[in-house]
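Reading the structure
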Amino acid sequence: MHEPARVFAAPAPLWEIPPLLSGLYPDRIISSELREPEALLSGLREGVYQLAVLPFAVEKAGLACTLYKEEHLFFSLPPAHPLSGRKGLYLNDLNGETMLLLNRLGIWETIVHQRMPDTRFLVQEDFAFETLVRSSALPSFTSDMGLKYREGPRNRINIPVLDPEANITYYCVYRSEAHKELSGLFQALC
């Protein structure tokens, strides 16, 4: 591959795609970063990036895309939380509470800040976040992809978020001329 950078609009695809690329292209350096979707599209068009995972399909000259997968957001609540018995919740149901939030969430961060403007988010790094989720009574977020790739604490109840924007469909967007070179990745993702 000509450009080793792979970029993402949310963290969960980072857990799957870079390891796959490293296995498929062991002689290449695979790097990744989390960026806003518009910056990713601009970088693709300019040839800075060869592949980006975006939360929308792209139909532009010189670019192609393929469906990757969906991610669904969940509230992660302690059993004693007053809403922990619900089958589903809306973001507004916890608006105004204090919540733990993992840093560098990409598109998810924008969504929760817009839909929960009165919430006080205590933003934490990976290790601190996981430690606090296990040992505190504060609500947090997880996702179906997060639960697949990271073992969640056993002392939590995960409740689906019902807002439509809490469900994201990701697409692998790439420069059209890279299709043949990336075909091994697309086969592995299927």
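Before reading further, recall that the structure is shown in the block above.
Throughout this description, residue numbers start from 1 for each chain and increase along the sequence as written. A pLDDT threshold of at least 70 governs which residues receive local features in this predicted model, and a stricter bar of 80 or more applies before side-chain atom pairs are shown or counted, although totals over entire chains, interfaces and linings include all residues. Excluded from the side-chain calculations are hydrogens and water; all other atoms, namely the structure's heavy atoms, are used.

**Things to note about the overall build of the protein**
Helix and strand assignments follow DSSP, with helices taken as H or I runs no shorter than four residues and strands as E runs no shorter than two, numbered in order from the N terminus. Regarding its fold elements, the protein presents six helices and nine strands. In this description the radius of gyration comes from C-alpha coordinates, and the expected globular size is given by 2.2 Å times residues to the power 0.38. Relative to a compact globule of 190 residues, whose C-alpha radius of gyration would be 16 Å, the protein shows 18 Å and is just as compact. With the principal axes as the frame, the protein shows a C-alpha extent of 55 × 30 × 25 Å. The buried share among the 190 residues of the protein stands at 43%. Exposure categories follow from relative accessible area, calculated using a 1.4 Å probe and restricted to protein chains: below 20% of the type maximum is buried, above 50% is exposed, and the middle band is partly exposed.

**Looking at helix α2 (residues 37-45)**
Considered for burial, the residues of α2 that qualify are Pro37, Leu40, Leu41, Gly43 and Leu44. Down the axis of α2, the buried side of the element spans an arc of 165 degrees, and every buried residue falls inside it. One or two steps after α2, the chain reaches Gly47, where phi turns positive at roughly 80 degrees. The arc in question is the one spanned by the directions pointing from the helix axis to the C-beta atoms.

**Re the packing of aromatic side chains**
Only the six-membered ring of Trp is used, alongside the rings of Phe and Tyr, when aromatic pairs are assigned; centres must lie within 6.5 Å, and planes under 30 degrees apart are stacked while those over 60 apart are edge-to-face, with the rest tilted. For the structure on display, the rule yields three aromatic pairs. Where Tyr174 meets Phe186, the ring centres are 5.0 Å apart and the plane angle is 40 degrees; that geometry is what we call tilted. Taken together, the residues Tyr174 in strand β9 (residues 167-175) and Phe186 in helix α6 (residues 179-189) connect sequence positions 12 residues apart. Owing to a relative accessible area of 4%, Tyr174 belongs among the buried residues under this scheme.

**Overview of the pattern of salt bridges**
Salt bridges, as used here, are contacts in which a Lys or Arg side-chain nitrogen is within 4 Å of a carboxyl oxygen on Asp or Glu. One pass over the full model with this rule turns up eight salt bridges. With a shortest N-O distance of 3.0 Å, Lys69 and Glu16 are connected by a salt bridge. Residue Lys69 is found in strand β4 (residues 63-77), and its partner Glu16 is found in helix α1 (residues 12-24); the two are separated by 53 residues along the sequence. The residue Glu177 makes a salt bridge to Arg175 at a minimum N-O spacing of 3.0 Å. Sharing partners across several salt bridges, the network here consists of Asp27, Arg28 and Glu181.

**A word on the pairing of strand β3 (residues 51-54)**
Neither face of β3 is open: one carries Leu51 and Val53, the other Ala52 and Leu54, and all of them are buried. Strand pairing is defined by DSSP finding a minimum of two bridges between the two strands. Sheet topology places β3 next to β9; four bridges connect them, and they run antiparallel. Bridge pairing links Leu51 to Tyr174 in β9.

**Things to note about the side chain of Arg156**
Relative to the helices and strands, Arg156 resides in the loop between α5 (144-149) and β8 (157-160). Only 3.0 Å separates the side chain of Arg156 from the backbone oxygen of Val133, close enough to count as a polar contact. Two N or O atoms form a polar contact when they lie within 3.5 Å of each other; inside protein one atom must be a possible hydrogen donor and the other a possible acceptor, and for residues adjacent in sequence the pair counts only when both atoms belong to side chains. From its side chain, Arg156 meets the backbone oxygen of Ser136 in a polar contact 3.2 Å long.

**What to know about the packing of α1 against α6**
As a rule, the C-alpha atoms of each element are fitted with a line to give its axis, helices using only the stretch in contact, and angles between N-to-C directions run from 0 to 180 degrees. Packing of α1 against α6 brings their axes to within 10 Å, and their N-to-C directions diverge by 125 degrees. Relative to α6, α1 is oriented oblique. α6 is crossed by α1, and the crossing has right-handed handedness. Residue-level inspection shows Glu16, Ile17, Leu20, Leu21 and Leu24 of α1 in contact with α6, the latter providing Gly184, Leu185, Ala188 and Leu189. An angle counts as roughly parallel when it lies under 35 degrees, as roughly antiparallel when it exceeds 145, as roughly perpendicular when it falls between 65 and 115, and as oblique in every other case. By definition, any crossing whose near helix is turned counterclockwise from its far helix by less than a right angle is left-handed, and any crossing with a clockwise turn is right-handed. Pairs of residues are marked as contacts when any of their non-hydrogen atoms sit within 4.5 Å.

**Let's talk about the nonpolar core**
Counting residues in hydrophobic clusters, the biggest one holds 43 residues, and the most contacted among them are Ile17, Phe75, Leu91, Met116 and Phe141. Those elements that place two or more of their residues in this core are α1, β3, β4, β5 (98-102), α3 (107-115), α4 (126-135), β9 and α6. Counting nine residues, the second largest nonpolar core, distinct from the first, contains Tyr49, Ala52, Leu54 and Leu63. Here, nonpolar core means buried Ala, Val, Leu, Ile, Met, Phe, Trp, Tyr and Cys residues that are tied together by side-chain atoms lying within 4.5 Å of each other.

Everything listed here is a matter of coordinates, which is why it stays silent on function.
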